[in-house]
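One letter stands for each residue in the lines below.
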Amino acid sequence: MKHWGLVFLFVFLVFEDEGNVLHAKADEGFVETKGVQLMLNGSPFYANGFNAYWLMYMAADPYQRSKVSTALQQAKQHGLNIARTWAFNDGGDRPLQYSPGSYNEQMFQGLDFVVSEAKRHGIKLVLSFVNNYDQYGGKKQYVNWARNQGQSISSDDDFFTNSVVKEYYKNHVKAVLTRQNTLSGVAYKDEPTIMAWELMNEPRCLSDPSGSTIQAWITEMASHVKSIDENHLLEAGLEGFYGPSSSQKQQYNPNFQVGTDFIANNQIPGIDFATVHSYPDQWLGSSSDETQIAFLVTWLNNHIQDAQNILKKPLLFAEFGKSLKVSGPSQRDELFNTVYAAI
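Attention here is on the structure that accompanies the text. (Residues numbered from 1 in each chain as written. Predicted model: local features only at pLDDT ≥ 70, side-chain atom pairs only at ≥ 80, totals over all residues. Heavy atoms only, no water.)

**A closer look at the overall build of the protein chain**
Then, number 1: Tallying secondary structure elements over the protein chain gives 10 helices and 13 strands in all.
Then, number 2: Taking 20 Å as the expected radius of gyration for a compact globule of 343 residues, we find that the protein chain reaches 19 Å, a close match to that expectation.
Then, number 3: In terms of principal-axis extent, the alpha carbons of the protein chain reach across some 50 × 50 × 40 Å.
Then, number 4: Residues classed as buried in the protein chain amount to 58% of the 343 residues present.
Then, number 5: Within the protein chain, the 36 negative side-chain charges are centred at a point lying 3 Å from the centre of the 27 positive side-chain charges. (Helix = DSSP H or I, 4+ residues; strand = E, 2+ residues; numbered from the N terminus. Rg over C-alpha atoms; globule rule 2.2 N^0.38 Å. Buried < 20%, exposed > 50% of the residue type's maximum accessible area, 1.4 Å probe, protein only. Lys, Arg positive; Asp, Glu negative; His and termini not counted. Charge placed at Lys NZ, Arg CZ, Asp CG, Glu CD.)

**Quick look at helix H6 (residues 212-228)**
Then, number 1: The terminal C-alpha atoms of H6, which comprises 17 residues, lie 25 Å apart, in line with the 24 Å expected from a rise of 1.5 Å per residue.
Then, number 2: Summarising the contacts, the buried residues of H6 are in contact with helix H5 (163-177), strand S10 (194-198), strand S11 (233-235) and helix H7 (262-266). (Expected span 1.5 Å × (residues − 1). Contact = heavy atoms within 4.5 Å.)

**Quick notes on the packing of aromatic side chains**
The description of an aromatic ring pair uses the distance of the two centres, along with the angle that the planes make with each other.
Then, number 1: Per the counting criterion, the structure on display carries 26 aromatic pairs.
Then, number 2: Centroid distance Phe-159 to Trp-217: 5.7 Å. Interplanar angle 50°. Geometry classified as tilted. Pair noted here: Phe-159 is in the loop between helix H4 (138-148) and H5 and Trp-217 is in helix H6, with a separation of 58 residues, a long-range link.
Then, number 3: According to the relative accessible area criterion, Phe-159 is buried, its value standing at 1%.
Then, number 4: The exposure class assigned to Trp-217 is buried, which follows from its relative accessible area of 1%.
Then, number 5: Arranged with centres 5.4 Å apart and planes meeting at 70°, the rings of Phe-241 and Phe-256 form a pair that is edge-to-face. Taken together, the residues span a long stretch of sequence, with Phe-241 in the loop between S11 and H7 and Phe-256 in the loop between S11 and H7 at a distance of 15 residues. (Phe/Tyr/Trp six-rings, centres within 6.5 Å; stacked < 30°, edge-to-face > 60°.)

**Some words on the nonpolar core**
Side chains of nonpolar character tend, in soluble globular proteins, to be buried together.
Then, number 1: If you look at the biggest cluster of nonpolar residues, it comprises 56 residues, and the most contacted ones within it are Phe-159, Tyr-169, Trp-197, Leu-199, Trp-217 and Ile-218.
Then, number 2: Mapped by element, the contributors of at least two residues to this core are helix H1 (55-59), helix H2 (65-77), helix H3 (105-120), strand S9 (124-128), H4, H5, S10 and H6.
Then, number 3: Take this core: its biggest share by element is 7 residues, from H3.
Then, number 4: Beyond its immediate sequence surroundings of up to four residues, Trp-197 is in contact with Leu-127, Phe-129, Val-176, Leu-177, Tyr-188, Val-225, Asp-229, His-232, Leu-233, Leu-234 and Glu-235.
Then, number 5: Counting 24 residues, the second-largest nonpolar core is a separate cluster that includes Ile-293, Leu-296, Leu-311 and Val-339. (Core = buried A, V, L, I, M, F, W, Y, C linked by side-chain atoms within 4.5 Å.)

**A few points about empty space enclosed by the protein**
Then, number 1: The tally for this structure, following the rule as stated, stands at 2 cavities of 30 Å³ or more.
Then, number 2: Taken as a whole, the largest cavity holds about 40 Å³ of empty space.
Then, number 3: Taken together, Asp-289, Gln-292, Ile-293, Lys-322, Gln-331 and Glu-334 make up the lining of the largest cavity.
Then, number 4: Taken together, the elements giving at least two residues each to the lining of the largest cavity come down to helix H9 (289-311) and helix H10 (329-342).
Then, number 5: Examining the composition of the lining of the largest cavity, we find that 3 residues originate from one element, H9, more than from any other.
Then, number 6: Of the residues belonging to the lining of the largest cavity, the class tally is 1 nonpolar, 2 polar and 3 charged.
Then, number 7: Its volume calculated, the second largest cavity comes out at about 30 Å³.
Then, number 8: Tyr-53, Met-56, Tyr-57, Trp-86, Phe-88, Asn-89 and Tyr-136 together form the lining of the second largest cavity.
Then, number 9: A class-by-class count of the residues in the lining of the second largest cavity yields 6 nonpolar, 1 polar and no charged. (1 Å grid on protein atoms, 1.4 Å probe; cavity = no way out; pocket = protein on both sides within 12 Å on 5 of 7 lines; lining within 4 Å. Points joined across faces, edges and corners; volume = space filled by probe spheres on them. Nonpolar A, V, L, I, M, F, W, Y, C, P; charged D, E, K, R; others polar.)

**Quick notes on the pattern of salt bridges**
Then, number 1: Counted by the stated rule, this structure contains 15 salt bridges.
Then, number 2: Between Glu-191 and Lys-119 there is a salt bridge, and its shortest N-O distance comes to 3.1 Å. Highlighted residues: Glu-191 in the loop between H5 and S10 and Lys-119 in helix H3, separated in sequence by 72 residues.
Then, number 3: Here Glu-191 falls in the buried class, since its relative accessible area comes to 3%.
Then, number 4: The exposure class assigned to Lys-119 is partly exposed, which follows from its relative accessible area of 29%.
Then, number 5: Salt-bridge contacts for Lys-140 lead to Asp-156; the nearest nitrogen and oxygen are separated by 3.2 Å. Here Asp-156 lies in the loop between H4 and H5 and Lys-140 lies in helix H4, a separation of 16 residues in the sequence.
Then, number 6: With a relative accessible area of 30%, Lys-140 lands in the partly exposed category.
Then, number 7: Here the salt bridges share partners, and the residues they tie into one network are Arg-84, Glu-198 and Glu-319. (Salt bridge = Lys/Arg side-chain N within 4 Å of Asp/Glu carboxyl O.)

Encoded structure:
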């Protein structure tokens, strides 16, 4: 989602399982997959959590750091056990990465604190490497860095194909994975508090609606991540739009294409579970509330069935919501209840 400030976001996972659920502390091991089920220490792991993109940004400021501790403490008190947040801030205000390969140690220590505090409160993390959008740098900042080095860049979508830009991204991935936490001494790639890495928040390539550009990029970058870190799960960060590999399902998309392919992208080796985002109020802004809810029900059920029957991988509903700026609490509650019922 582009406008993070509009709604409070939740994270849930979907799977079918027979038998009892055993709950384990977040620091007891790495989360793994077994078919459509997430597993922790041999038992099913049911994730229930939230998005908080700002954790590293706040933690890097000693006067704001307590907000991170409070958020994680309150999340734990409410039964949440997973948080998704950014492991990037490219250029701009208080960046993590000043320029390609040049890092702000104070910001990195903020991320160290986030990981350590999450561990202390028994909360797993999903950490994203880069943004599709301009906020916190994103792919625009990467292509601008390359353009400033003399690369011929025609659009922001060159992020996915330009060799120099791809090398910048790979180097950032390596820097994060091999980062040794200054508080715990544990490298991120060896830290079980981290549940998964995300290649990109909502990757989109509007210049190639066929999906082949995104398919090639995910394939290359998933292999790169796994070559450094064999411990952690990996997901692409997709919103769930259907593409040419399941053309009969494209009718269920909103009336636009973003160059991704839910089925093909998530079948790539190295992608361990699928993700879905859903914002009917933004995607179908001119439609009635009833139409938006009907879309959501179909969207949820299609992806649940596809994850179980085609992908045979776990499915994470990583973002969903409805802005209170354009609706009341009752409409938002209806949307939330629709998602919870499907799960």
